[in-house]
Amino acid sequence: MIDLSLQDLQQMIEDQTAPIAVIGLGYVGLSVACEFARIGFQVIGIEQRQERVAQINQGLSPITGEEPGLAELLASMIASGRLRASTDYHELTNCRVILIAVETPIDEFNRPEYLALRRALLGMGALLQPGTLVIVESTLSPGSMQKMVAPLLVETSGLTLSRDFFLGYCPERVMPGKLLSNLRSVSRAVGGMTTETAQVMATLYRHIVLADLDLTDCITAELVKTVENAYRDVQIAFANEAALICEAVGGDVWKVRQLVNKSPFRQMHLPGAGVGGHCIPKDPWLLVDGVSRVTSGIHADEKLADSRLEEEFSPTLIPSARRINDNMPMHVASLLAQSLAEAGLSLKGAQILILGFAYLEDSDDTRNSPSASLVEVLQDHGAKVIIHDPYIQQFQGEVLARAAGCDAAVIMVSHSPYLALDPQDLRSVLHWPILVDGRHVFDGPALRKAGWIYRAVGQSLESMQA
Ligand code: SAJ
């Protein structure tokens, strides 16, 4: 195999003759593999799950849930022979571009769990050919490219970084339900280990991304991805804490939010029953991981003889936001307990209908679902739980049929079918007119006026009295 310089590689990328490998055929890897194949590249997907490889090679998408265009694109790319899946890393040896899109979850201690990433790096290291461009797309804790990915590849390949092979980081910004459209229309931070590498990466992504490609370095790209999601988590936590304050002082957070957002440059997010998904609950922990370093602080305080004090910096806002959001299902459970008590009932022995188990409205994705946390709390307190979700097969069915015989109902996800639900129908089948609203789906004051024992995140009882 001839050693290709970066310029030769750039040319092969420009004319789409550089074979591409994508390691990890999850919703990120599969969509990016299909997109490069669609452009005309020869693409091999490396996936460890044999059954997933077989399914993809039959032209069948393993991605559940609505993903406009993906199943058709996959089928046609398999049929055209431009895309193939395999479990065998040896297929990489003739690839000139290798994308890594494996999961990077956190463990029970909120630390990065890089097992899949290490497996991918170790699987490809010894097979890495000179002249290859390696790009990581998975979300990483800032510094991981420099401290882990690069050393591991250098060590296992025996090649010299940025001379024999080239390395970069381009975090994905796709969202479930909009994979292909996001891939094409959302800008990307393109972080190269060198400026030249970032430029060649941009040549590659320009083929599929119509939005900005912002060339930068790896640490910046790692920070952009984790900061943008930590930003969202903190914004949501702020809305949730404002909601809890409103409940405590007699306010209605929804009225407050509406008027706050009329103030210039305010964009208060939605309070709710919790924060789920595979990005927002995880990425803030990746951002703060290991950031607990001694920083020199300058203190003007005259009492301190030594004006340069060493102090420990460790993030507080971002972990606190995580805890606020993680606590919201517990708050919903407490609203439910209060509602049951109003009817002389307790959680123990009650049968509760949970409306919505996905983590997001009109989705079937249950990763880190706040409803799962709520179910656990309720069961721990002796309640029986009936779950309904129009998008999840095992929880589908006629809502009112599932509600029959339940003592109370809790809305956890604002799925469209629930927005059309007539509370009167629900009341006719519930044992008690008890409803806890975790997503501001219903009109609280109207329901209470109609005799419901109704409680909602962010709405105090005083604020709902007519
Ligand atoms: N949520 C709230 N209040 C809000 C917004 C969301 O409670 O104001 C909850 C949702 O109910 C859900 C969780 O937070 O449980 C996450 O919702 P999300 O809208 O952030 O959806 P995700 O998890 O799909 O986030 C993805 C992220 N995209 C990527 O990581 C590439 C996120 O950065 C995007 O902002 C988000 O999609 C989006 O805007 O759709």
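Check the entry above for the structure.
This section reports on the structure supplied with the text. A quick note: this is a predicted structure, and the numbers were derived from the prediction, not measured.

## Topic: the overall build of the protein chain
Okay, so step 1: Counting its secondary structure elements, the protein chain contains 18 helices and 15 strands.
Okay, so step 2: Dimensions of the protein chain along its principal axes, counting C-alpha atoms only, are 80 × 75 × 40 Å.
Okay, so step 3: Going through the 466 residues of the protein chain one by one, you find that 53% of them count as buried.
Okay, so step 4: The long-range share in the protein chain, meaning contacts at least 24 apart out of those at least 6 apart in sequence, stands at 71%.
Okay, so step 5: When the accessible surface of the protein chain is totalled, it reaches about 20,400 Å², and 54% of it is carbon and sulfur.
Okay, so step 6: Distance between charge centres in the protein chain, computed from 37 positive and 54 negative side chains, equals 3 Å.

## Section: helix H4 (residues 70–80)
Okay, so step 1: Buried within H4 we find Leu70, Leu73, Leu74, Met77 and Ile78. Taken end-on, H4 shows its buried residues confined to a sector of 130 degrees, consistent with a single buried face. H4 presents Glu72 and Ala79 as exposed residues on the side facing more than 90 degrees away from its buried surface.
Okay, so step 2: Of the surrounding secondary structure, the elements contacted by the buried residues of H4 are helix H2 (27–39), helix H3 (50–57), strand E3 (83–86) and helix H7 (179–185).

## Observations regarding the packing of aromatic side chains
Okay, so step 1: Enumeration over the complete set of coordinates arrives at three aromatic pairs.
Okay, so step 2: Grouping aromatic residues by their ring pairs yields a cluster made of Phe36, Phe41 and Tyr205.

## Concerning the packing of helix H5 (residues 115–125) against helix H6 (residues 144–157)
A pair of packed helices is captured by two measures, namely the crossing angle of their axes and the spacing between those axes.
Okay, so step 1: In contact at an axis separation of 8 Å, H5 and H6 are set at 30 degrees when each is read in the N-to-C sense. By the criterion of interaxial angle, the relationship of H5 to H6 is roughly parallel. The chirality of how H5 crosses H6 is right-handed. Seen from H5, the contacting residues are Leu117, Arg118, Leu121, Leu122, Met124 and Gly125; seen from H6, they are Met148, Val149, Leu152, Leu153, Thr156 and Ser157.

## Quick word on the state of the cysteines
Simply put, the disulfide is a covalent bond whose two ends are the sulfur atoms of two cysteines.
Okay, so step 1: With the rule as written, the count across this model stands at zero disulfides.
Okay, so step 2: A disulfide-free cysteine, cysteine 95 has its sulfur positioned 16 Å from the sulfur of cysteine 34, the nearest such atom.
Okay, so step 3: Look at cysteine 95 and you get buried, because its relative accessible area is 2%.

Conventions adopted
Residues numbered from 1 in each chain as written. Predicted model: local features only at pLDDT ≥ 70, side-chain atom pairs only at ≥ 80, totals over all residues. Heavy atoms only, no water. Helix = DSSP H or I, 4+ residues; strand = E, 2+ residues; numbered from the N terminus. Buried < 20%, exposed > 50% of the residue type's maximum accessible area, 1.4 Å probe, protein only. Contact = heavy atoms within 4.5 Å. Areas by Shrake-Rupley, 256 points an atom, 1.4 Å probe, with all protein chains shown as cover. Lys, Arg positive; Asp, Glu negative; His and termini not counted. Charge placed at Lys NZ, Arg CZ, Asp CG, Glu CD. Arc of directions from axis to C-beta. Phe/Tyr/Trp six-rings, centres within 6.5 Å; stacked < 30°, edge-to-face > 60°. Axes fitted to C-alpha atoms, helices over the stretch in contact; angles between N-to-C directions. Parallel < 35°, antiparallel > 145°, perpendicular 65-115°, else oblique. Left-handed = near helix turned anticlockwise from the far one by under 90°. Disulfide = S-S within 2.5 Å.

By themselves, these are just geometric observations and shouldn't be taken as functional.
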